[in-house]
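As a plain string of letters, each chain reads:
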Amino acid sequence: MTGEGSGVVHESDRRELFLEACRSPEAARNFLKPHVRQLAERVGQLRARWTALNEANTPFTVVVPEPAFKMVCREEDLDALSNLINPEAVSLDVFDTCLNRLLASPLDVFQMVGYAVEAKTGLSAGTFASARVEVENTLRAEGLANGTREDTSFSDIYQQLETRFQWNEKTNEAISAFELSLEQLFLRPVPEIRELANKWEREGIPMAYTSEMYLPGAALRKLLKAAGFPAADIPVLTSGETGLSKGTGNLYDCTARELGTEGFVHIGDNPETDGRIPSAKGFSSLVVKTAKSVYPDLFSNILYAIGSEPGVTKGMSFWQRFGYEVAGPLHFAFATHLYKKCRSLGSERIHFLSRDGWFPRKVFQRIQSAWGAVAEDHYLYASREFLGLGSMTDIDGEDWEFILKASPLLELRDVFERIGIPAQEHVPVCDKMGLGDPDRRLCHHCGYLDPQDHGRLYHAICQCIEPFHLHRHHVATRLREYLHDTGIYDGRSLFADIGWGGSSFRAIRKLAPGDKTPHGAYFALFGELDPETSAWFTDGGKSQREAILMGSIALMEFLFGSPEPTVRYMDKGRGEWLPVFRDSLPLYDVEAWTGMESGVLKFTNRILEILHRAPDGDGLARVEDVLRICIFKPDKEALQMLGPLSHGEGWGTGHRLRMLPAFANHPEKATLHEAYAYCPWKPGLSRLWG
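In this text the structure is predicted, and so the values were computed from the model without any measurement.

Undergrad: Before we go on, may I ask you to explain the overall build of the protein chain in this structure?
TA: On a plain count of helices and strands, the protein chain comes out with 29 helices and 18 strands. Expressed as a percentage of its 690 residues, the buried residues of the protein chain come to 50%. Considering only intrachain contacts with a sequence separation of at least 6, the fraction spanning at least 24 residues in the protein chain is 72%. Accessible surface, the protein chain as shown: approximately 31,500 Å² in total, 51% of it carbon and sulfur.

Undergrad: Teacher, can you tell me more about the packing of helix 15 (residues 318-345) against helix 16 (residues 358-371) here?
TA: In helix packing, the relevant descriptors are the interaxial angle and the interaxial distance, both defined with respect to the helix axes. Direction vectors running N to C along helix 15 and helix 16 enclose 60°, while the axes themselves pass 9 Å from each other. Considering their axes alone, helix 15 and helix 16 lie oblique with respect to each other. The handedness of the crossing between helix 15 and helix 16 comes out as right-handed. Residues H331, F332, F334, A335, T336, L338, Y339 and C342 of helix 15 touch helix 16, and the partners they reach there are F359, P360, V363, F364, I367, Q368 and W371. Considering only residue class, the contact of helix 15 with helix 16 consists of twelve nonpolar, three polar and no charged.

Undergrad: Explain helix 23 (residues 503-510) here, please?
TA: In an α-helix, one full turn covers 3.6 residues, which means residues spaced three or four apart are oriented alike. Turning to helix 23, its buried residues number three or more, namely S504, F505, A507 and I508. Projection of helix 23 onto a plane perpendicular to its axis shows the buried side chains occupying an angular sector of 165°, all on one side. In this structure, the buried residues of helix 23 make contact with strand 8 (349-353), helix 17 (384-390), strand 12 (493-497), strand 13 (519-522) and strand 14 (533-535).

Undergrad: Would you mind going over the sheet that holds strand 7 (residues 284-287) with me for this structure?
TA: Sheet strands pair via backbone hydrogen bonds, and the direction of the pair is either parallel or antiparallel. Taken together, the five strands give an open sheet; going across it, the order is 5-4-1-6-7, and neighbouring strands pair in parallel fashion. Unpaired on one side and paired on the other, strand 5 (236-238) and strand 7 mark the two borders of the sheet. Across the sheet, the mean angle separating the axes of adjacent strands is 25° when strand polarity is ignored. Sheet topology note: the strand 1 (residues 89-92)/strand 6 (residues 264-268) ladder contains four bridges and is parallel. Looking at strand 6, one finds that L92 is bridged to I267.

Undergrad: Where do I start with the environment of S584 in this structure?
TA: Secondary-structure assignment places S584 in the loop between strand 16 (576-581) and helix 26 (587-610). For S584, a relative accessible area of 67% gives the class exposed. Taking the C-alpha atoms as reference, S584 lies 8.6 Å from T566; in sequence the two are 18 residues apart.

Undergrad: Honestly, the sheet that holds strand 8 in this entry has me stumped. Any pointers?
TA: Taken in spatial order, the five strands of this open sheet run 9-8-12-13-14, and their pairing is parallel. Pairing within the sheet leaves two strands with one partner each, and these edge strands are strand 9 (376-380) and strand 14. Strand-to-strand twist in this sheet, taken as the mean axis angle between neighbours without regard to direction, amounts to 20°. Bridge analysis of strand 12 against strand 13 gives four bridges, and the strand direction is parallel. When the bridges of strand 13 are listed, A496 appears paired with A521. Helix 16 contacts strand 8 and strand 9 of the sheet and is inclined by roughly 170° relative to strand 9.

Undergrad: Explanation requested: the packing of aromatic side chains in the structure shown.
TA: For any pair of aromatic rings, the description consists of the separation of the ring centres together with the inter-plane angle of the planes. Applying the stated criterion across every chain yields a total of 35 aromatic pairs. Aromatic pair F386 and Y482: ring centres 6.5 Å apart, planes at 40°, arrangement tilted. With F386 in helix 17 and Y482 in helix 22 (residues 465-486), this pair connects stretches of sequence that are 96 residues apart. Accessibility classification places F386 together with Y482 in one group, the buried group. Above the face of the Y214 ring, R132 is positioned so that its terminal group lies 4.8 Å from the ring centre. Just above the ring of F468 sits the side chain of R472; from NZ or CZ to the centre is 5.9 Å.

Calculation notes
Residues numbered from 1 in each chain as written. Predicted model: local features only at pLDDT ≥ 70, side-chain atom pairs only at ≥ 80, totals over all residues. Heavy atoms only, no water. Helix = DSSP H or I, 4+ residues; strand = E, 2+ residues; numbered from the N terminus. Buried < 20%, exposed > 50% of the residue type's maximum accessible area, 1.4 Å probe, protein only. Contact = heavy atoms within 4.5 Å. Areas by Shrake-Rupley, 256 points an atom, 1.4 Å probe, with all protein chains shown as cover. Axes fitted to C-alpha atoms, helices over the stretch in contact; angles between N-to-C directions. Parallel < 35°, antiparallel > 145°, perpendicular 65-115°, else oblique. Left-handed = near helix turned anticlockwise from the far one by under 90°. Nonpolar A, V, L, I, M, F, W, Y, C, P; charged D, E, K, R; others polar. Arc of directions from axis to C-beta. Pairing = 2+ DSSP bridges. Phe/Tyr/Trp six-rings, centres within 6.5 Å; stacked < 30°, edge-to-face > 60°. Lys NZ or Arg CZ within 6 Å of the ring centre and 35° of its normal.

Shown next as C-alpha cells:
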C-alpha cells in the first residue's frame with residue numbers, strides 16, 4: 001500500500017469502489033462521469049495502436065521464388081506430349097529437354113573446371129576456359145572440313161589439352177573426370193518428361209536418347225539414370241561419339257537404325273535441330289520448351305547446386321538439413337564476401353563480433369585453409385549493451401534513445417539494471433515519476449504500452465544519474481582496454497557483424513584513437529554510414545530486398561546466433577580477458593545451433609571440394625531466395641521446429657519471445673499458417689498466404 005496522501009489508489013480498492021457504486025445504474029453513471037475523458041483518451045490510444053499494427057501488416061509486393069528453373073514445361077507443350085498416345089517409337093533430346101542445367105551458359109562449367117586446374121597446375125582459370133572452348137571449336141571445324149566427323153568427342157578434346165599444356169596422363173584424367181562430375185552436379189531433371197519416359201518404357205515403346213553433345217553415350221546414360229530416367233537398355237546416341245550431327249540430319253538416320261523404324265517421334269527444345277531438320281528428313285518431331293530462368297551469376301548457381309544436391313541430406317536431422325540448405329548458403333556467401341573484402345582492402349586481421357560472427361568465422365577459417373590465408377581471424381566479444389554503454393562520452397539524444405530503447409517484455413526493473421542501477425533502491429523515484437512497481441511490464445513487441453513511460457523513465461534516470469555514471473565509466477574503461485588489447489586499432493583491421501543500423505561501428509569508431517578506425521563489413525546494413533563501412537545484401541533504398549530483410553530479422557538473428565549467451569562486459573583475470581555472460585540460453589536453442597553447425601560445416605566442406613578459389617559473383621540471388629522461402633513458404637515441419645525457438649533478446653533483459661506463438665504446433669495446416677502469419681516479427685505475412 002502507498003502512504004496516506006499519495007493520491008494513488010490500488011486496483012483492488014478501485015474494484016471495491018466500483019462494485020459499491022454499481023448497486024444502482026444512477027450511482028454507476030455518477031461514478032464513471034469523472035473518468036469519461038480518461039477513458040476516451042485510452043480508447044484513442046488503443047485505436048492509434050491498432051491502426052499502427054494494421055499498417056505494419058500491410059504486405060509489400062513480393063514474388064515467391066521458384067527454383068533456379070521452373071520444373072515444368074509450357075502448358076501447351078505438356079498438352080501436346082500428353083496427346084502422344086502410344087507412339088510407335090520415341091527419340092528424346094537430353095539437354096534442356098530431359099535435363100536442365102543450373103547455369104546461364106555451359107561455358108560456366110569450363111570456368112569452374114578452370115578453378116581446379118589453377119589450383120592443381122598453376123594455369124589460370126581464364127586461360128584454361130578459353131583453351132577449352134577453342135580446342136572444341138577447332139576440332140569440330142577440322143572434322144567438318146576433311147569430311148571425317150561432324151562433331152568432336154570429349155576424349156579428343158582432352159587429348160589436345162593434354163598435349164597443349166603438357167600435362168601428364170594422370171592430371172589429364174583427373175581434370176576431365178572433374179568436368180564430368182560438375183556436369184552431373186549442375187543438372188536437374190524435368191519431371192514431366194521423366195514421367196512420360198518411364199511410362200513409355202513400362203508400355204514397351206522403343207526409345208532412344210539423341211543428343212548433340214561431345215560427351216560419350218555412357219556418360220549421358222549415367223547422368224540420365226542418376227536423374228531417374230529409364231536408361232539401362234536404351235540407346236544413347238551422341239554426336240561426339242557417333243561423329244554424326246543433328247545439324248546435318250545424319251544423327252537422326254542413326255537413330256532410325258537403332259530403333260528399327262522411321263516412324264519415331266523426336267522430342268526436343270531447339271526449333272531448328274530438334275524441329276525443322278528432323279521434319280525435313282521425314283521424321284515426326286515435337287518441339288517443347290522447358291523454362292530456363294537461372295540465377296544471374298555463377299556463385300548463386302553453385303550455392304543452389306550444392307544446397308540442393310540430390311541425396312546429400314538423407315539421414316540428417318532437421319537442424320542439420322536446415323544448416324546445410326538454409327544457413328550454409330548464407331554463411332558461406334557472407335564469409336566469401338569477407339574473404340574478398342580482406343583481400344581488396346589488404347586487411348591484416350579480421351575480427352568477428354560475437355555472437356553474430358560465430359558461424360561466419362568457422363566458415364571463414366575453412367575458406368582460408370582451402371583458398372589461402374588473407375588475414376588473421378579473431379573473435380571479438382561484444383554486444384549492444386557492452387558497446388553501447390562503453391562508448392558513451394557525453395550522453396546525447398542518440399544515447400538516450402539507446403538507453404530507453406523498447407524491448408519485448410521489458411519491465412521497469414530491466415531498464416535500471418541494464419544501466420547498472422538496482423531498481424529496488426530507487427522505488428521512491430519510480431513512484432514519484434508515476435512509474436509504479438519495478439516488476440511492472442513496460443513494453444510489448446511494438447513499443448511501450450504507455451507512450452508516456454518513455455518520458456517518465458528519462459526523468460527517473462536523471463534523478464539517478466550519479467550511480468549510472470559510475471557504472472558507465474566502469475564499462476567504458478573495460479571496453480577501451482579490451483579493444484586496445486585485441487589489436488582492432490593496430491594496422492589494417494576489418495570487423496564483421498550483422499546489423500540493421502550500424503550501432504557497433506559507431507561505438508568502435510567513437511573509441512578509435514586518431515585516424516585508426518578499422519573498416520566495418522556488415523551483412524545487412526541499410527545504407528552506407530561512411531566510407532569506412534561496407535554493406536552486403538542491401539541497396540539502401542525502400543526495395544524488395546530491404547523488405548525481405550525486415551521480414552526476416554528474427555530468423556537472421558537466429559541464423560547469426562551462437563550457443564553462448566549475450567556478453568555483458570569483459571573481465572580481465574590472470575592476464576586473460578574473459579566474457580561475463582547474461583543468463584544461459586534455452587536448451588532447445590542450443591541444440592538447434594549445435595545441429596545447424598554440423599550442417600553448415602558439411603555444406604562448407606562440400607562446396608570447397610568444388611570451389612578451388614573465390615568464385616565470380618556474390619551469391620546474393622541465391623541468398624535472397626533462401627530467405628524468401630524461409631519467410632513465405634515454410635512447410636509444416638519447418639514451422640513446428642522453428643516455433644519453439646526464442647526470438648532474439650531485448651538488450652538489457654533476459655526476456656526472449658518465441659519465434660512463433662505456442663499454438664503453432666497445432667496439427668491443422670490452417671492454424672499453422674495463421675500462427676506464422678500473425679507472429680509479431682513478420683509484418684505483412686497475413687495476406688501473403690493463399
